[in-house]
Amino acid sequence: MASIFAEHHVGLVRLALIMVGDQASAEDVVQEAFARAHAGWGKIRDADKALAYVRSAVLNGCRSVLRRRAMVFRRAVPYEPPVWSAESAALLGEERREVLLALHRLPRRQREALTLRYYFDLSDQEIAEAMRVGASTVRSTITRGLAALGRMLGEDS
């Protein structure tokens, strides 16, 4: 588990950051995923699938954070994505920022599939394992997500 943490912690925090929109929540989600994986290490049957298990736990944690936010903001004010930090804004060009904002407007499953494919360069099967869906669902979700992003960004599909 320590080697998985050392090799993949930063990437998983980035994945969570893309999903939830703020650094603190992203770090909390990843920390919780690794803590649960460590606690349940004896229950993981195939050590080769530990990374897929942790990725899946990160995605589930992000979903929980977003659900809690939606419940809180439904009662108070409409949800708006968090403002990027000054550091993030400086690192991201205007075009990349537009893509990230459009990505945040996609349905959760499309956002997850596109992030895992194009940010982490995972195969259909790896994405399917992380999202706990079939590989054909991954392919169709990515196709629909790319088409929706193209429409949002005003590109010809």
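Now for a description of the structure that goes with this document. (Residues numbered from 1 in each chain as written. Predicted model: local features only at pLDDT ≥ 70, side-chain atom pairs only at ≥ 80, totals over all residues. Heavy atoms only, no water.)

## A word on unusual backbone geometry
Rules: To qualify as a helix, a DSSP run of H or I must reach at least 4 residues; to qualify as a strand, a run of E must reach at least 2; elements of each kind are numbered from the N terminus.
At D121, a position not held by glycine, the phi torsion is positive, near 55°. Looking at where D121 falls in the secondary structure, it is placed in the loop between α6 (108–118) and α7 (124–131). Positive phi values are uncommon outside glycine, yet R132 reaches one of about 60°. Within the fold, R132 resides in the loop between α7 and α8 (135–152).

## Some thoughts on the side chain of R55
Using the following cut-off: Exposed residues in this analysis have more than 50% of their type's maximum accessible area, buried residues have under 20%, and partly exposed residues fall in between, with area computed by a 1.4 Å probe over protein chains only. For the purpose of charge, His is not counted, nor are the chain termini; Lys and Arg are scored as positive and Asp and Glu as negative. A side-chain nitrogen of Lys or Arg and a carboxyl oxygen of Asp or Glu constitute a salt bridge if their distance falls within 4 Å. Whether two residues are in contact is decided by their heavy atoms: any pair within 4.5 Å suffices.
With respect to the helices and strands, R55 occurs in helix α3 (residues 50–75). Within the buried set, R55 has no salt-bridge partner at all; the shortest N-O distance to an opposite charge, 5.0 Å, is to E126. Leaving out residues up to four positions away in the same chain, R55 has contacts with L12, L116, L122 and A130.

## With respect to the packing of α6 against α8
Applied cut-off: With axes taken as lines fitted to C-alpha atoms, and helix axes fitted only over the stretch in contact, angles between N-to-C directions fall between 0 and 180 degrees. The scheme is simple: roughly parallel for angles under 35 degrees, roughly antiparallel for over 145, roughly perpendicular for 65 to 115, oblique for anything else. Gly is placed with the polar residues, together with every amino acid not listed as nonpolar (Ala, Val, Leu, Ile, Met, Phe, Trp, Tyr, Cys and Pro) or charged (Asp, Glu, Lys and Arg).
Contact geometry of α6 with α8 gives a least axis separation of 8 Å together with a crossing angle of 100°. Here α6 lies roughly perpendicular to α8, going by the angle between them. In this structure, α6 contributes R109, Q110, A113, L114, R117 and Y118 to the contact, and α8 contributes T137, T141, I142, R144, G145, L146, A148 and L149. In the contact of α6 with α8, the residues fall into 7 nonpolar, 4 polar and 3 charged.

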